[in-house]
Amino acid sequence: MAAEKERGTKKRKLDASVGKGEGGTWSKKPKESAPKPAKLKLLDAKKKSKEPGFKASKPSKSDNKASVRSKEPQTPKQRRLAAKEMSEARKKKRKPNYHLEKELASLWEKMRRYNVGTEDRSKLVTQALHKMNGKYLEIAGSHVLARVLQTCVKYCTQEERDSIFDALRPHLLTLSCKKYAVHLVKKILDHASKKQLEWFISSLHGHVTSLLRHSVGSSVVDYVFHLASGSQKQSLLVEMYSTELQLFKDLTLTNSGRLVDIISRLQLQKSSVVRHMYSVLQSLIEKGIVNHSIVHKAILEFFTIADKSSAADVIQQLLPLLVQDSPTAEENPQISAPEMQKKRKIKSKNVKEPLLARMVRTRDGLKICIICVKHATAKERKKIIKGMKGHIRKLSLDQFGSLLLVCTLSVVDDTKLLTKIVIQELQTMLKELVLDKNGRRMLLQLLHPHSSLYFTPEDLVCLNLSVASLFEQVDETKDLSEINQVPAEQGENFLTDNNEKEGRIVQSATGSKKNSFRRRHELLVESGLAEGLFGICIDNVGELLCSNFGKDVVYELAVGGSDGVLQSFTDRINALHEAIASLAVQPKTNETEEEHVFENFHSSRLIRKLVLNSPSFATALWKMALEGKCDIWAQGHSSKILHAFLQSSVSAIQDLAKPELQLLMDRDILKAPESKLTEKTADS
């Protein structure tokens, strides 16, 4: 026992001597204990957790970082898979019909292909509708599922389509104002029956103006307006006229199309109608919702009853929407020239079509644009023309856009600006314009303005359109629906009865102060447009003569235009005459596929017309191509050209051709011409 005690005391002394440092102090180094097994550690942790007052220690930040690092994906493939899983988890939380959306999307990809058979597609559509049954309202507002339902409506049977319509019938007005559901509503209306369309239009009663004010719902009203019949369009339109017509549905059942007739028949108060329509149109214009056909029609009807101040206010509110004027470095000194060039490059990459170009897609929209151009000030017209820059080609080849350019060339006095923006762009595409049905209108307007030969009566009404209340003091008993139309023969200025004694000239309905002939001369001759036209026509005379539309431009150039506007181009006119006659000199052969100009339908009519109205051309043609060769051309379309020499109003032309043609008529080779001209001359 004594020996063991001695060994224990020696061991404690040894440990004490080791534990002391250099300064004689004790070190804090803990004693090393043998590692415990994992099970013992868990048991110890459970025992400690059961002890009273025990608090679990939070894991340190270093431990958290280490655990996160261990879970982070290391390779790019793992990162992509992890991101995909995360997005899928978020979609499941956000979308209640996530699994249904995936199933329908796979079916949609199959059913919308073009190479799918009718039977296979009908099976896929039936399968998709079976999955969507009872959830149409939820699906209509979804970005993806609404497209699937649109495709199903397009390809499903009529019974399935009727069931979808019945399910969504109470909610169609609500869906018309939703971003994605609005396309589904349009698709349903496209395939709706007459009764269904009639029901939907009747359900719009009392909601037309409120839907038009909505940025999304307005498109549905305009869509229905295009699908509706005449009486249905009228029922939609009259709600914008008065509050009484909104409240009482029976009042809208009227056959009167004009607003003036509706006011007189229903005995409405004209001033209240003007105030109501002004408030409705003002809210639509402020929101920029003016590119719909129903709005165009309402604005035109408003102009028929509006007084001077109301009509002028609406026009002044419309003008800023038609103008897209980008600021220059001079107008904004804070922007430097290089920065402005960068901004213009960015804008040029993503150019939006101006409202002016969108409004002229319909005739009513064209009428509003023409009224705005005519009643605008010189400064506002300048901005409108600048807004057309870059869109001249598209407008010139459009049916109604070309008429807007015709009006602009006939009204605007700033010919330098027109030459810089409009004429210079037209000069780059002259041949295309001459051969195009709509493109030639600007050229023919400068050569022969407001001619019924080239413009239809509807086109002439549009070009001469203006608001009567803005030009003269109209009596209250006078019907303001009569649009002031000034004939072209009266010139650019006219005298009213009130100002005739005083001798003051009132601005005409064209809204221009410059003389028409002077404006045409500056745009046609001084700009170099006429020279380019002569070059195009002489170089391509054969192609233009045989075309249905190009021959009209050739004719106007060959006769020198109306009022002698091309009298300074005598040499070029004679060169054009010789070019036409040189084609006529070519012999008549059946070997070539191309028809001779005397035998072609269009060119023979043009040459006959030139013989009747241009003595110089008739003389050149007779001497170069017909003298001594008339027996060859005595039959077919060419015989009409020979008859034109005998029907000419110039006696010298008749005397030139009569001896030879009389011999052919005596021998019954050439039929005698009719005593009465069947075709009007250009002067008539």
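These figures come from a predicted structure and were not determined experimentally. (Residues numbered from 1 in each chain as written. Predicted model: local features only at pLDDT ≥ 70, side-chain atom pairs only at ≥ 80, totals over all residues. Heavy atoms only, no water.)

**Observations concerning the overall build of the chain**
Inclusion rule: The helix count covers DSSP runs of H or I at least four residues long, the strand count covers runs of E at least two residues long, and both are numbered beginning at the N terminus. Between two residues, a contact is recorded if the distance between any of their heavy atoms is within 4.5 Å. Methods summary: accessible areas were calculated by the Shrake-Rupley approach with a probe of 1.4 Å, and residue burial reflects only the protein chains presented.
Regarding its fold elements, the chain presents 39 helices and 2 strands. Here the contacts in the chain between residues at least 6 apart in sequence split such that 67% fall between residues at least 24 apart. Total accessible area computed for the chain in this model is approximately 39,200 Å², and 51% of it derives from carbon and sulfur atoms.

**Focus: the pattern of salt bridges**
Side chains that differ in sign of charge can pair as their charged atoms come close. Selection rule: Here a salt bridge means any side-chain nitrogen of Lys or Arg lying within 4 Å of a carboxyl oxygen belonging to Asp or Glu. For each residue, the accessible area found with a 1.4 Å probe, counting protein chains only, is set against the maximum for its type, and the residue is called buried under 20%, exposed over 50%, and partly exposed in between.
Taken as a whole and judged by the stated rule, the model has 17 salt bridges. With a shortest N-O distance of 3.3 Å, E103 and K131 are connected by a salt bridge. Note that E103 is positioned in helix α5 (residues 98-111) and K131 in helix α6 (residues 118-132), a separation of 28 residues in sequence. By relative accessible area, which is 31% here, K131 ends up partly exposed. Where D552 meets R440, a salt bridge forms, and the shortest distance between an N and an O atom there is 2.4 Å. Here D552 is found in helix α34 (residues 550-558), whereas its partner R440 is found in helix α29 (residues 440-447), with 112 residues between them in sequence. Taken together, the shared-partner salt bridges connect R363, R441, E458 and D459 into one network.

**What about a positive patch on the surface?**
What counts, and what does not: Each patch groups residues whose relative accessible area exceeds 30% and which form no salt bridge, using 9 Å between like charges and 5 Å between nonpolar side chains of Val, Leu, Ile, Met, Phe, Trp and Tyr. Charge counting follows a simple rule: Lys and Arg are positive, Asp and Glu are negative, and His as well as the terminal groups are ignored. Taken as the charge location is NZ of Lys, CZ of Arg, CG of Asp or CD of Glu.
A contiguous patch of positive charge, built from K84, K91, K92, R94 and K102, is present on the exposed surface. Counting residues per element, the positive patch draws most heavily on helix α4 (residues 76-94), at 4 residues. The residue K92 is located in helix α4 in this model. The exposure class of K92 is partly exposed, given its relative accessible area of 47%.

**Some thoughts on the environment of I294**
On the secondary structure map, I294 appears in helix α19 (residues 293-305). Taking C-alpha positions, I294 is 9.8 Å from V224, a pair spaced 70 residues apart along the chain.

**Examining the state of the cysteines**
Disulfide: a covalent bond formed between the sulfur atoms of two cysteine residues. Short version of the rule: We call a pair of cysteine sulfur atoms a disulfide when they lie within 2.5 Å.
Taken as a whole, this structure holds 0 disulfides when the rule is applied. In this model C156 remains outside any disulfide bridge; the closest cysteine sulfur is found in C152, 7.1 Å from its own.

**So, the environment of C369**
Turning to its location among the elements, C369 is positioned in helix α23 (residues 363-375). Given a relative accessible area of 0%, C369 falls into the buried group. For C369 and C407, which are 38 residues apart along the polypeptide, the C-alpha to C-alpha distance reads 9.7 Å. For C369, the residues in contact, after removing those within four places along its chain, are L356, M359, V360 and L404.

**Considering the side chain of E101**
Turning to its location among the elements, E101 is positioned in helix α5. Residue classification places E101 among the buried residues on the basis of a relative accessible area of 13%. When sequence neighbours within four positions are dropped, the list of residues in contact with E101 reads K95, S142, V144 and L145.

**A few points about α29**
Counting buried positions along α29 gives 8 out of 8 residues, so the element sits mostly inside the fold. Buried residues of α29: R440, R441, M442, L443, L444, Q445, L446 and L447, and no others.

**Concerning the packing of helix α27 (residues 415-427) against helix α31 (residues 516-526)**
Helix-helix packing is described using two parameters, namely the angle between the two axes and the distance between the axes. Threshold: Whenever a helix is involved, its axis is fitted only over the stretch in contact; in every case the axis is a line through C-alpha atoms, and angles between N-to-C directions fall within 0 to 180 degrees. Note on terminology: angles under 35 degrees are roughly parallel, angles over 145 are roughly antiparallel, angles of 65 to 115 are roughly perpendicular, and the others are oblique. Whether a crossing is left-handed or right-handed is set by the direction in which the near helix is turned from the far one by less than a right angle, anticlockwise for left-handed and clockwise for right-handed. Gly falls in the polar group here, along with every residue not listed as nonpolar (Ala, Val, Leu, Ile, Met, Phe, Trp, Tyr, Cys, Pro) or charged (Asp, Glu, Lys, Arg).
The N-to-C vectors of α27 and α31 enclose an angle of 40°; their axes lie 10 Å apart at closest approach. Comparing their axes, α31 and α27 come out oblique. Crossing handedness for the pair α27 and α31: right-handed. Listed contacts from α31 to T415, L418, T419 and I423 of α27 are R519, E522 and L523. Counted by class, the contact of α27 with α31 contains 3 nonpolar, 2 polar and 2 charged residues.

**Considering the packing of aromatic side chains**
Convention followed: Note on aromatic contacts: the rings of Phe and Tyr and the six-membered ring of Trp form a pair at centre separations within 6.5 Å, being stacked when their planes are under 30 degrees apart, edge-to-face when over 60 apart, and tilted otherwise. Whether a charge sits over a ring depends on NZ of Lys or CZ of Arg being within 6 Å of the ring centre and within 35 degrees of the ring normal.
Applying the stated criterion to the full structure yields 5 aromatic pairs. On the numbers, 5.6 Å between centres and 25° between planes, the contact of F534 with F569 is stacked. With F534 in helix α32 (residues 529-539) and F569 in the loop between α34 and α35 (570-585), this residue pair connects regions lying 35 residues apart in the sequence. Taking the ring centre of Y155 as reference, the NZ or CZ of R121 above it sits at 4.4 Å. Over the face of the ring belonging to Y555 we find K609, whose NZ or CZ atom lies 4.5 Å from the ring centre.

**Quick notes on unusual backbone geometry**
Notably, H450 is not glycine yet its phi reads approximately 50°, a positive angle. Using a relative accessible area of 24% as the deciding quantity, one classes H450 as partly exposed. Positive phi, normally seen in glycine, also occurs at D668, with a value near 60°. Position of D668 relative to the elements: it lies in the segment after α39 (651-666). Judged by relative accessible area, which is 69%, D668 ranks as exposed.

**Some points on the side chain of H596**
Stated precisely, the cut-off is as follows: Pairing of N or O atoms within 3.5 Å defines a polar contact, subject to two protein rules: one partner must be a possible hydrogen donor and the other a possible acceptor, and residues neighboring in sequence count only if both atoms are side-chain atoms.
Structurally, H596 can be placed in the loop between α35 and α36 (601-613). In terms of polar contacts, H596 uses its side chain to reach the backbone carbonyl oxygen of A584, at 3.4 Å. Look past the residues within four positions of H596 in its chain and what remains in contact with it is L583, A584, Q586, P587, S603 and W633.

**Overview of helix α12 (residues 194-203)**
The test is simple: Arc definition: it is the arc formed by the directions from the helix axis to the C-beta atoms.
Those residues of α12 that sit buried are Q196, L197, F200 and I201. The arc that holds every buried residue of α12, seen down its axis, measures 135°, which confines them to one face. Residues of α12 that are exposed and point more than 90 degrees away from the buried face comprise K194, K195 and E198. Buried residues in α12 make contact with α9 (158-168), α10 (172-175), α11 (181-190), α14 (217-227) and α15 (230-237).

**Looking at the packing of α34 against α36**
Following both chains from N to C, one finds α34 and α36 inclined at 20°, their axes separated by 10 Å at the closest point. With respect to their mutual orientation, α34 and α36 come out roughly parallel. Between α34 and α36 the crossing geometry is right-handed. On α36, the residues that touch K551, V554, Y555 and A558 of α34 are H602, L606, K609, L610 and N613. Residue classes in the contact of α34 with α36 are distributed as 5 nonpolar, 2 polar and 2 charged.

**As for the nonpolar core**
To be explicit about the condition: Put simply, a nonpolar core is a bunch of buried Ala, Val, Leu, Ile, Met, Phe, Trp, Tyr and Cys residues held in one set by side-chain atoms that sit within 4.5 Å of each other.
In terms of nonpolar packing, the biggest core is built from 181 residues, with M132, L524, L566, L621, L626, F645 and L661 touching the most fellow members. Ranked by the residues each element gives to this core, the list is headed by α19, at 8 residues. In this structure L626 touches F598, L621, W633, I641, L642, F645 and E660, once residues within four positions along its chain are discounted.

**Observations concerning the confidence of the model for the chain**
Operational definition: In predicted models, pLDDT denotes the confidence assigned by the predictor to each residue on a 0 to 100 scale.
Averaged over the chain, the pLDDT score is 80; the fraction of residues at 70 or greater is 76%. With pLDDT under 50 throughout, residues 324-351 is counted as low confidence; its partners more than four residues away or in other chains account for 20 contacts. Contacts from residues 676-684, a stretch scored under 50 in pLDDT, to residues over four places away or in other chains number 10 contacts.

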